[in-house]
Amino acid sequence: MNGVLVVGASAAGLATAQALRARGYRGPVRLVGEEPHPPYDRPPLSKQVLSGAWGTERTVLRAPADLAALGIELLPGRRAVALDTGAREITLADGERLRYDDLVLATGLTPRRLPAFDGPAGVHTLRTLEDARRLRADLRTARRLAVIGAGVLGCEIAATARTLGLEVTLIDPAPLPMADRLGPPVARLLAGLHRDHGITLLTGTKAEAPVTDGGGRITGVLTSQGPVAADALVLAVGSVPATGWLHGSGLTLDDGVLCDARCRAAAHVWAVGDVARWWHEGQGRALRLENRSHATESALAVAGNILGADRPHRPVPYFWTDQHGVRIQVFGDPAAGDRLRVTEGDPATRTFAAVAETAGRPVGVVGWNSPHGVRGARALLTPP
Ligand SMILES: Cc1cc2nc3c(=O)[nH]c(=O)nc-3n(C[C@H](O)[C@H](O)[C@H](O)COP(=O)(O)OP(=O)(O)OC[C@H]3O[C@@H](n4cnc5c(N)ncnc54)[C@H](O)[C@@H]3O)c2cc1C
């Protein structure tokens, strides 16, 4: 018996391994991860870890001893480089081959880079613990930070850097931060929040090239609105699914590992978390979600299906973000709405929950410092 082999030892991979054990699976479970660490949580990296409120040890999701006690074998620092679905085996970078009865792909994402910004010291992306350590070290000495990309990650990094006293410029070609996730009315509030906290928000602005000193260190960025001074710069321009090693495997790779409604990519091959693009029966389209709760939800679904549950995965998408002391919670797709109806609180007092509707039908829910209100409004979303 080769058991279940999980590639990617982070939130989704770990949750799959744990769920298999919780449901009574007794075969071998192996968790192969490229990173040298035990599984850790990423959301604190742009918040508590970057601010210095938490040491990195607080991000650990399961200590190796706990994994061993569950009979989950962790293989850290091992990178998968090839998959042979016929032989049901993967090859690791060191040449070792591992066979499986079922394979779970949980390799997540890799930050997108902008080629023009490759090279200078002081240019960062943020995905891993090492990225967070490097960025934190730079923020300790930098006075001015430029963040390119006003999506969730860019907004969080900008907000955290502001709490450290840096002058922060947030640059994005779109007219509003996070409008594609929140819809314009709430995105306008978010723009106001960032400005109120002293962030220079350059929307409708393209970052074009880095400016460096003689030693090859970043000193600023040229934008379509003119130059911006910066001693450190973060590229937060999205991420791409980590599927390079699966080319030639026969799996369909199309902005992620393409799966059926049960998150199955091929016979005995499944995908979970950020890397999975699966057919959401409730929405009638293939979906890929990049958020923490989906890492767990998809893991539970796949563990069940490996054990024969045969159930489609139909979650209501959910994510949260913390910026300037505000917790924003989002269910469904508020950006798809053409009207926003406040169901609790008041945007003017900066505590509210609202339902986004299209043709009178709720399509998303946003809560702004309103965990109770958002839970109530969530019930209005049609169950998938
Ligand atoms: C800084 C940051 C802040 C975030 N904040 C929030 C938040 O506030 N709210 C929210 O909902 N979500 C947030 N997220 C998103 C959330 O963390 C992710 O959705 C979640 O981590 C996805 O888990 P995953 O296991 O699918 O992928 P990942 O966490 O990316 O893990 C994939 C793992 O696979 C490994 N791997 C990749 N390729 C290979 C290979 N070939 N062989 C072996 N191992 C491999 C990687 O090294 C990595 O360890 C945040 C993400 C980041 C980066």
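Note that the structure is predicted; figures quoted are calculated from it, not measured.

In terms of domain boundaries, the chain breaks down into domain 1 (4-110 + 239-306), domain 2 (113-235) and domain 3 (325-378). Relative to domain 2, the C-alpha centre of domain 1 lies at a distance of 30 Å. Tallying the contact residues gives 15 residues for domain 1 and 16 residues for domain 2. Buried area between domain 1 and domain 2, summed over both chains or domains, comes out near 1,500 Å², and the portion from carbon and sulfur atoms is 58%. Applying the counting rule to domain 1 against domain 2 returns two salt bridges. Lys47 serves as the salt-bridge partner of Glu156, at 2.9 Å between the closest nitrogen and oxygen. Across the domain 1-domain 2 interface, the total number found is 10 residue pairs in polar contact (both at pLDDT 80 or more). Looking at the side of domain 1 that touches domain 2, the element that brings in the most residues is helix α2 (residues 48-51), giving three residues.

So, on to the UniProt feature "domain: Reductase C-terminal" (unreviewed entry) in the chain. On the UniProt side, "domain: Reductase C-terminal" (unreviewed entry) is annotated at positions that read residues 318-381 here. Between the C-alpha atoms that bound residues 318-381 there is a distance of 12 Å. The span itself is 12% helix and 58% strand.

In this section: helix α9 (residues 371-378). Three or more residues of α9 are buried, namely Gly373, Val374 and Ala377. When α9 is viewed along its axis, its buried side chains cluster within an angular range of 95° and face the same direction. Across from the buried face of α9, at angles greater than 90 degrees, the exposed residues are His372 and Arg375. Residues of α9 that are buried in the fold lie against β24 (326-332), β25 (339-346), β26 (351-358) and β27 (361-368).

What counts and what doesn't
- Residues numbered from 1 in each chain as written.
- Predicted model: local features only at pLDDT ≥ 70, side-chain atom pairs only at ≥ 80, totals over all residues.
- Heavy atoms only, no water.
- Domains from an automatic or database assignment.
- Contact = heavy atoms within 4.5 Å.
- Buried area = accessible area lost by both parts, 1.4 Å probe.
- Salt bridge = Lys/Arg side-chain N within 4 Å of Asp/Glu carboxyl O.
- Polar contact = N/O pair within 3.5 Å; in protein donor to acceptor, adjacent residues only side chain to side chain.
- Helix = DSSP H or I, 4+ residues; strand = E, 2+ residues; numbered from the N terminus.
- UniProt positions renumbered as here; feature names shortened; annotations may be inferred.
- Buried < 20%, exposed > 50% of the residue type's maximum accessible area, 1.4 Å probe, protein only.
- Arc of directions from axis to C-beta.

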